[in-house]
Every structure is written in structure tokens, then in C-alpha cells.
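Structure assessment
Here's the letter readout for the chains.
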Amino acid sequence: MEKFLSRTRYFLGEALQGFVRQKSLTAATLVSTTASLMVFGIVLLVTANVELVSARLEQRKGIVAFIEDGVSNSQMDFMRQQMAAQAEVESVAFVSKEEALEQFRKSLGEDQVLDALGSNPLPASFEVKLKAGQGDAEAMERVAAFIGSLKGIEEVSYGGPWALRLDRLLKSLTVLNVIVGAVVGLAVAFVVANVVRLAVLARKEGIAIMRVVGATSHFVRAPFLLEGLFHTILSALVALGLLYAVHRVFTQRLPDITFLSPTLMGVFILVGVGAGMVGTFLTLHEVLREEWA
Amino acid sequence: MEKFLSRTRYFLGEALQGFVRQKSLTAATLVSTTASLMVFGIVLLVTANVELVSARLEQRKGIVAFIEDGVSNSQMDFMRQQMAAQAEVESVAFVSKEEALEQFRKSLGEDQVLDALGSNPLPASFEVKLKAGQGDAEAMERVAAFIGSLKGIEEVSYGGPWALRLDRLLKSLTVLNVIVGAVVGLAVAFVVANVVRLAVLARKEGIAIMRVVGATSHFVRAPFLLEGLFHTILSALVALGLLYAVHRVFTQRLPDITFLSPTLMGVFILVGVGAGMVGTFLTLHEVLREEWA
Amino acid sequence: MIRFFHVTKTYPGNRVALSDVNFQIQQGEILFVVGPSGAGKSTLLKMVYMGEMPTSGQVVVGGFVSNTIPRSKIPMLRRQVGVVFQDFRLIQDRTAFENVALPLRISGTSGGTELKQRVMNALGRVGLCHRRSALPRELSGGEQQRVALARAIVNDPMVLLADEPTGNLDAVVGDQIIQIICDINAGGTATIVATHNEAVPQKLGCRAARINEGRLFEPGGGPLF
Amino acid sequence: MIRFFHVTKTYPGNRVALSDVNFQIQQGEILFVVGPSGAGKSTLLKMVYMGEMPTSGQVVVGGFVSNTIPRSKIPMLRRQVGVVFQDFRLIQDRTAFENVALPLRISGTSGGTELKQRVMNALGRVGLCHRRSALPRELSGGEQQRVALARAIVNDPMVLLADEPTGNLDAVVGDQIIQIICDINAGGTATIVATHNEAVPQKLGCRAARINEGRLFEPGGGPLF
Ligand SMILES: Nc1ncnc2c1ncn2[C@@H]1O[C@H](COP(=O)(O)OP(=O)(O)OP(=O)(O)O)[C@@H](O)[C@H]1O
Ligand SMILES: Nc1ncnc2c1ncn2[C@@H]1O[C@H](COP(=O)(O)OP(=O)(O)OP(=O)(O)O)[C@@H](O)[C@H]1O
Ligand SMILES: [Mg+2]
Ligand SMILES: [Mg+2]
């Protein structure tokens, strides 16, 4: 155990040394990787917020089917059964003309105007709730169309067009995420690869000597891997911090804006750190291959 | 002379060696610098074409002042003197009602309709030409306003609004050029600096030995300067070639599009090569400063 | 422990550095290889830690056989072989202490305090405890050579190879160094010392082999083994 | 040509490497500096090519004075001083030929064909013409040392410094090398040879100074000069 600790401490020390030695290089690396990651982070932030809006809409998602006047009770029961039989439907609630009027009255706050109307102009309706997870825009559209085709239904109202648009936006945002993520990942990999290459070159003779004294290639690589990891983790953290600052600035105007969900945060860190590590691995593989075998 | 040649050959050989040795690095450098330069090149290409349009417009730039009917000859002479006295004005030509009709007729191609009019509806006019170089939109506007204020002028017509818009576009394009040029320059400088840094690191001990054997810092630097120069010049040339290819693709649809003017080509090469050289110089200064004094 | 069996080494360009070399060293034995510049001494030592492989023939060191050893096993071999290189091969940006500590860090056999003790012990044997914090360039040539020896012995290797270990040392310090090598050898380490100085083995009365143009001879006999 | 005047050199950490060293060498003279490991031999040579500056006192080499020389003039001094470094200092990725050619390229005194001639001439003197295309790592230790000597003499320097130039050479080649150095010296080059081997100057009957713990003594006299 003590041995393991001492060895880890050694590798960490080695890596830190390279990290600290070439300050201007480390700074340049940090700036480039952080800048790239920020771009990605902002795209993710937009995605997170569209997702949020979409989720809220989902909660409220429901279909209201207004019933023609003078439909018989048995006909209504039949309609209700038909709706409830749809796979996507969770529940169907009946709202009578009177209840509708009462609700409307409440929402207006005891206004007198309505009483002046004499007769009740509001239709009875069914409020249809869809099952969670079945709530995507297309399913809703399908169910709404079915309900609209039932005899005795006057009109169907639902959040469809909006939800559809949002769903499409989300899909193209996902594509954008993948593209931007890939490009940013490439950039990060390239920059980190480069700093690792420099670190290796700066210790060329040292590596050759280690090899000849019996170091395995793992022993030689470990400090450089750590150094690459330092660079990427630092960049990811700084970018995340900056992103949070950007988020804070926005929330002062639009208090509803959310930060990255844990999942998106994970994606962000994965892309940043993953790309950095890939860059590190490939470079070490290239640079340490034969010359100092 | 032979000595000079042999020395130059030596430096070139040294530089080429570094250039060729690390192929993957050279390729990565070339790709990044070329990509950056292409962005700049395309902005310049747009500028060149707007400039061309503007220049053509400029050639046609002139002011036509229509004269009220019934203005006396002496009054006309006075007006003409007033116009010609303006600093920006090159020449003033008188077009009589008859000449105007004749021109109009010619432009219509011997049409009969005009004859049917009975009287000549076209006014006499002055055609005012501005001096070359005084032709910017604001000067024209000023002269036109002055002419319009003369007694006996019915109306003034000139290409003002269009020219003004174009001039503004050109100005903001110039600003854009400067900004993009600066950003691209920075990117190129950074990338080239980096490859030079790698080259120096790879020859660390060799440099120390040269120093101790009596090499001046110029002697040590020369091959690295050349290596940086190779990278930048190659990038600039490849970018220029690609730019020309892009231009050719466009001219197949819009045959009027021009390539970079010699001046803009100069700017392009200056930014690319200049930035690369600055990056090279600064890095060499940093890396070769003390350690191997 | 070490056995060369018809070993021939030809470098690119048809340069024969060793030709049909045969010898054998048991645990606790010492062999001096004496010969002029370019005779093949360093090449012979390189064969032992498998820095070069024979063009033909076979080298056996401990359980490792040159013909069959996979590349990934070479580090294991080298950890049991201490080498004083002719050009020292110290890491330039590490202190003397860290250079000597390297084999311990590589084999990972000791924790912090034990490591310190062993390194200081090795530096003490070559008389350089007080220079432990110096970088190689702050050491004189002979001091570097002694640090290299300390690194070679810090790990109690099974095999010790010393290439011209007194080339940069005056007679007094040189004799001390040879004495240290003999002590290590007496502890059971198979040892080969390459030197151009014939006086060294003569003085000690040790087994010595002469090498010339790649051929190894034991004086008073035909080719060895 | 070379004159040390009360030269003291203290390295960081209060390590006195030279203390009050005085001596003088005229054109065509040769001085052997003999002393044990760590005595200050290499430090003394470093002072001559101004790789280190005295802590106090003055070094004069040709027209260059250590106290007043501007940094930018040091390369001019070094071009007139040939040095065989104790650790050779050959550029690892250049052939022997290119390493020897380096001083000519630096001073730019000769065109292509003349350069070739002079390099081959120098390599010939140390007996290594046939190894001209070898990289340093393809040369034996002694061969590298001889390449280093070739590089030191290729430029007909005014001053030749040799630090342990026979440390890696057997008696026969070592004597040849010393002979070459003496020949160069006879041509008018002021020469200093540092070595731990007292036999070398004795055999030649040359002027020798003993150095110990930074103090220089001429045998059969008090401190030199
Ligand atoms: N990597 C190599 N490639 C080509 N030739 C080599 C290589 N290494 C050594 N040689 C040649 O092989 C011969 C023997 O070299 P080696 O280093 O074994 O000599 P040595 O006995 O150690 O000499 P020294 O006492 O000068 O160090 C020399 O002629 C040398 O030039
Ligand atoms: N750059 C330096 N920093 C600190 N101490 C140094 C430095 N260079 C040399 N020394 C010390 O100064 C002393 C003299 O060193 P020098 O290299 O001159 O010895 P030397 O006579 O050449 O010995 P050797 O025969 O072993 O090469 C030594 O104790 C050495 O450790
Ligand atoms: Mg050797
Ligand atoms: Mg020395």
C-alpha cells in the first residue's frame, strides 16, 4: 500500500512538473481547449433549456374534446369507451356544460357579464390525458385525429402544432450537439495531443535512459497520460465554470433558464476529457513507438 | 560567394530536414493554417468583388441636373459657372432639349410613339462629372444638394443612395477584413509558433552544442526561421490555390466574379506569412532565450 | 548466470563488432574484458542487457534467452541488470538522488522511507552523499561516473555490467570504484567490467579476457569456453 | 595567449571549484593539468572558452577579457578555441562528418569543396575516415572521443583544450591521440590538456601543473606564475 502510494505520488509529481514548467504553453493550451469547450457548452445549454420547455409542455399535454349539444348519455358513454380504449390514453374525464360554466366563472372572478347571457353557451367536454412516455407530438396528433373523427364531437383542441415544432427543434438540436461535439472534440484532442507531444520531446533522452534501465512502456507513459489528463480536466472545469457564469448572467434577465442537466454535464465532461485522452493516447502511441523501444 | 551559397544550402537543408521528419505534425500544421487562411481569403474575395462593383459604379457616377423650361441663356451660363466652381467637379456638359430628345429616340430605336407627342416633353440638362478620387458617395451627395439648390434647376438625379450603400458595405467589409485578418493571423501565428517550438525542443542538445562550439544566436536560429517560413509559405500557397479553385467554381455560375486584386493578394500573403514569421520569432525568442545562452 | 554461445553481431554496413564469442559466467564470478577502442567491448555488454540482439548465436542471462525473449519481457531482464554506461546516461534534469532512485521507482519494490535509505546507501558507497541534490551538469565527469555506478548497484542486481567505469577517474578514486565493484561481486552478483586499461585486472589478479576486432580470447588459452 | 589572474570560481551552494588560480600560456606552449576527480580541471577549461565566468579575478584569452567581454562576442572567442569535451558533446542526429564540419559551417570560412577536404583531413588524423557517415550512437566510446578531437582541430584554432582526451582509449590509440595534440601544439596552438592520468605528461616530459581542490601548483615550485 505504501509502495502504491509512493509510486502514484511519483507519477503525479512527474506530471505536475511538466505541467508547471512550460507556463506559456500550458496557458495557450488552456485557452484553446477552454474556448472550444465553451462553444460546445453553450450549444448544450440551449439544448437543456429547450428540453426543459418541452418537458413542461409535456406535463400539460392533454386533449380537450368538445361535445356537440344534444348528444345522448348512452352515446357519450360509447364515446368515452372508445377514447379510453386507445393504447396511449391514460384517463378520460367528463366535464358537463354546468361544470364548464362554473370553471369559466371562477377563472373570470365572479363576473356579472355571464349571467346576462341567459343561456349557457359553453359545450360539455371530455378531458383526455395521455400516458406518460406516450406523449410525443405524433402520438398526440394521432389520438386527437381519432377523437375528432368520433360522431358527436364538435371540436378537438390540443397543444399539437407547438409540441411538434418543439420536438423537431429538439431533434435538430441533438444533431447539432453531435456535430459540434465532434468538431470540438477533435479540436481538444489536437491541442492536447500537441502539448503531450511537446512534453515527450522535452524528455526524449530521459525516456531513452529509463527504457534502458528497465522501465516498461507503462511506466514511461504514465506521467504523460496524467499530464494530458491534467490539461483536459482543467480545461473542462474552467469551461464548466465559465459556462455557469454565462448561465448566471442570463438568469438575471430570464430567471427560468436552467443549467445543464446531470446527463448533459456528463456528456460535456465526457467529450472534453474523452477527446483529450484520445489525443494523449494516440500521440504517445505515435511518439513513443519505436524510437525508444 | 561560394561560401554564401554553401551556407545557405546548409541552412535550407537543416530546415527541410525538420520539415520532412515529422510528417504527421507538418500535415496537421498545414491543415490548420490553410483552413484559417481560407476563411480570410474568402472574406477578401467578397471584398474584392464588392470593390469591383463599386469601381464600375464609380465610372458611371455623374450628376444630371434637369433645367426648368424657360431659363435664360445668361442664367444658364451663371449656373454652369457655379457648378464648375465646385472643387469636386471635373466638367459640366450642357444637353439641350433637342439633344435629349435625340438621345432618347436613339435609345428607343427609331420608335414612332415620340413623334406622336407633338411637343418635346424632355427638359434640357447639365451633365456634371466629378473628379476621379472625389467620387465618394458623400461628396456626390453634397454636390448634388448644392446643384439642386440653384435657381432654375428643376430636379437633380444621381446614383447616390446606391453608391452610399455600397460605400458603407465596403467600409464594413474593410472592418471585417481587419478583424478576420487579425483573428486568422493570430491562429496562424499560434500554430506555426507551435511547430517551431517542437522543432527547437527536438534539437535541444544540438543547439547547446552549437553554442558551445561558437555559433552565434543567428546561426542557431536561421534554420528554425526557415522552417517556420516553409510552413507559412506552403500554407499561404495552398490556401491561395484552394481559394482560386473556389473562385473558379463560382465563376461557372457568375462569370463576372473577380479574383483577388494584386493588392488584396498582397494583404493575404502578408497576413499569412507575416503572422507565421511573428509566431516563429516570438517562439524562438522565448525558447532560445536563456537556457542555451 | 550469463552465457554467450557462438555470438556474432554485425551492425548495418557489414561492420562485424563481435564474432563467434563464447563464454560463461556463474553467480559470483567476475570477468574483465580488455581491449582497444572499437574492439567490441560495449557491444558485448549491450548483448547482456539486450540493448542489441545477436545476429547469430545465443545469449542467455538468468532465465532469459535472446532468441525467444518477447519484447515485453526485456524490462524484467533489465531490472535485474545494473549497468554503468560508458557515457553515464544520467537524466539531465534530475538530481543525483533521483537518478539513483530511478531503478527502485521502476521496479516499485520499495516505499518512500526505504527508497530514501537505499539511495543514500548507494550514494554513500561511491562517496557522493553530499552531492545528492546536484544535477548531472553540476557534477564533474568522475562524479557523474560514480553516480552511474550508484544507480547500477542500488537495486542489488543479479548482474552488474560496468563499461569503462574508471575512464574519468584518477588512480585513487578509480581503485576505490573497482573495489566497490569487487565487493558487489563478492555478494554474489555476476559481473563484467569492460576497460581499455590492462592494469586493472592485472593488479587484482582477476580473470580477464582480451577482445580484439570482435574476437574474445582468454590469455593462456584458445578462444574462451 | 591565455592568462589566469587570481581566478576564483565558486558554484552556487558555496562550492569552491577554483581558488586563486594564476598561470599563463604563450602561443605554442602546452600545459597539462593533472588532478583527481572533482579537482576543478573541467572548470578551469570552461573558464577559457568562457562557458563559466570567474567569480573573482580575470581570464584573458587572445584579446578577450572575461570581465569586459560582451555576451555577443563570446561566439567569436569560441570559434578560435577548439575543445575536446570530457563528455564529447557530439550532436546525436548528425553524422561524424557533419559533427566535425560544424565549426567550419559556423565560422563560414570555407566553401563546399574546401570544407569537405578539411573535414576529411581532420577525420584522417584521428583515423576515422571510414566512419564518417556513422551517427555518434553507432560509434564506440573511443571513436566518439576521436571525432570530438577532429572537431576541435578542424578549424586550426588558436587555442586547443582537451578534457580527459584519452579517458576512453587504450594505451596505443591514447598515445596516438596525445601525439596529434602535440603536433597541433607544435603548429603554434596554445594547448591545455586536463587529465587524471599523471603518466601522460611524465612520458612526454611536458610542463604539468597539479590541481587539487581548486588550487593549482606547478611541481617543484610554489603556486604557479
Ligand atoms: N549502432 C552501431 N552501428 C554501427 N556500428 C556500430 C554501432 N555500435 C558500434 N559500432 C561499431 O562496432 C565496433 C565496436 O564498437 P564497441 O562500442 O563495441 O567498441 P568498444 O570496444 O566499446 O570501444 P571503446 O573502447 O572505444 O568504447 C566499432 O567499430 C563501432 O564503430
Ligand atoms: N555547474 C556546477 N554547479 C555546482 N557545482 C559544480 C558545477 N560544476 C562543477 N561543480 C563542482 O565543482 C567541482 C569541480 O568540478 P570539475 O568538473 O571542474 O572537476 P574535474 O576536475 O573536471 O573532475 P573530473 O576529473 O571528475 O571530471 C566538483 O566538486 C563539482 O561537483
Ligand atoms: Mg565502448
Ligand atoms: Mg572534468
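Predicted model only: the values in this text are computed from it and were never measured. (Residues numbered from 1 in each chain as written. Chains lettered and ligands numbered in written order. Predicted model: local features only at pLDDT ≥ 70, side-chain atom pairs only at ≥ 80, totals over all residues. Heavy atoms only, no water.)

Overview of the sheet that holds strand 5 (residues 64–65) of chain C
Residues and elements named next belong to chain C.
- Spatially, 2-1-4-5 is the arrangement adopted by the 4 strands of the open sheet, whose pairing is antiparallel. Either end of the sheet is taken by a strand with one partner, and the two such strands are strand 2 (15–25) and strand 5.
- The strands touched by helix 1 (residues 41–48) within the sheet are strand 1 (2–11), strand 2 and strand 4 (56–61), with strand 1 carrying the most contacts at an inclination of about 120°. (Pairing = 2+ DSSP bridges. Helix = DSSP H or I, 4+ residues; strand = E, 2+ residues; numbered from the N terminus. Contact = heavy atoms within 4.5 Å. Axes fitted to C-alpha atoms, helices over the stretch in contact; angles between N-to-C directions.)

Observations regarding the site of ligand 1
- Taken together, 22 residues form the shell around ligand 1, and within it Ser42 and Thr43 of chain C together with Arg131, Gly142 and Glu143 of chain D come nearest.
- At the site occupied by ligand 1, the surrounding residues belong to chains C and D.
- At a separation of 2.6 Å, an oxygen atom of ligand 1 approaches a polar side-chain atom of serine 42 of chain C.
- Within the backbone of glutamate 138 of chain D, an N or O atom sits 3.1 Å from a nitrogen atom of ligand 1.
- Alone, ligand 1 offers 640 Å² of accessible surface; in the complex the protein occludes 95% of this.
- Elements represented by at least two residues in the shell around ligand 1 include exactly strand 2 and helix 1 of chain C together with helix 5 (141–153) of chain D.
- Here the shell around ligand 1 is built from residues that sort into 5 nonpolar, 10 polar and 7 charged. (Near = heavy atom within 4 Å. Polar contact = N/O pair within 3.5 Å; in protein donor to acceptor, adjacent residues only side chain to side chain. Areas by Shrake-Rupley, 256 points an atom, 1.4 Å probe, with all protein chains shown as cover. Nonpolar A, V, L, I, M, F, W, Y, C, P; charged D, E, K, R; others polar.)

Here's the deal with the pattern of salt bridges
All names here are of chain C.
- Counted under the stated rule, the structure contains 24 salt bridges over all chains.
- Ionic pairing is found between arginine 118 and glutamate 114, a salt bridge with its closest N-O pair at 3.4 Å. Residue arginine 118 and its partner glutamate 114 are both found in helix 4 (residues 112–125); the two are separated by 4 residues, about one turn of the helix.
- Relative accessible area serves as the criterion here: at 21%, arginine 118 is assigned to the partly exposed category. (Salt bridge = Lys/Arg side-chain N within 4 Å of Asp/Glu carboxyl O. Buried < 20%, exposed > 50% of the residue type's maximum accessible area, 1.4 Å probe, protein only.)

Digging into the domain arrangement of chain A
- Each domain of chain A was delimited in the assignment, giving domain 1 (2–56 + 170–292) and domain 2 (62–158).
- When each unit is reduced to the centre of its C-alpha atoms, the spacing between domain 1 of chain A and domain 2 of chain A is 54 Å. (Domains from an automatic or database assignment.)

Observations regarding the coordination of the magnesium ion (ligand 3)
Residues and elements named next belong to chain C.
- All of the protein donors around the magnesium ion (ligand 3) are Ser42 (OG) and Gln86 (OE1); their distances to the metal are 1.9 to 2.2 Å. One end of the pair, serine 42, is in helix 1; the other, glutamine 86, is in the loop between strand 6 (81–84) and helix 3 (96–107), with 44 residues separating them in the sequence. Comparing serine 42 with glutamine 86 shows no difference in burial state: the two are buried. (Donors = N, O, S within 2.8 Å, 3.2 Å for Na, K, Ca; no water.)

Considering the coordination of the magnesium ion (ligand 4)
- Here the magnesium ion (ligand 4) is held by the protein donor atoms Ser42 of chain D (OG) and Gln86 of chain D (OE1), which lie 1.9 to 2.2 Å from it.
- Glutamine 86 of chain D gets classed as buried once you look at its relative accessible area, which sits at 14%.

Focus on the site of ligand 2
- Inspection of the region around ligand 2 gives 22 residues, with Arg131, Gly142 and Glu143 of chain C together with Ser42 and Thr43 of chain D positioned closest.
- Those chains with residues close to ligand 2 are chains C and D.
- One nitrogen or oxygen atom from the side chain of arginine 131 of chain C is found 2.6 Å from an oxygen atom belonging to ligand 2.
- One of the backbone nitrogen or oxygen atoms of glycine 141 of chain C is found 2.9 Å away from an oxygen atom of ligand 2.
- Burial of ligand 2 by the surrounding chains reaches 94%, relative to a free accessible area of 640 Å².
- Secondary structure elements with two or more residues in the shell around ligand 2: helix 5 (141–153) of chain C together with strand 2 (15–25) and helix 1 (41–48) of chain D.
- Tallied by class, the residues present in the shell around ligand 2 amount to 5 nonpolar, 10 polar and 7 charged.

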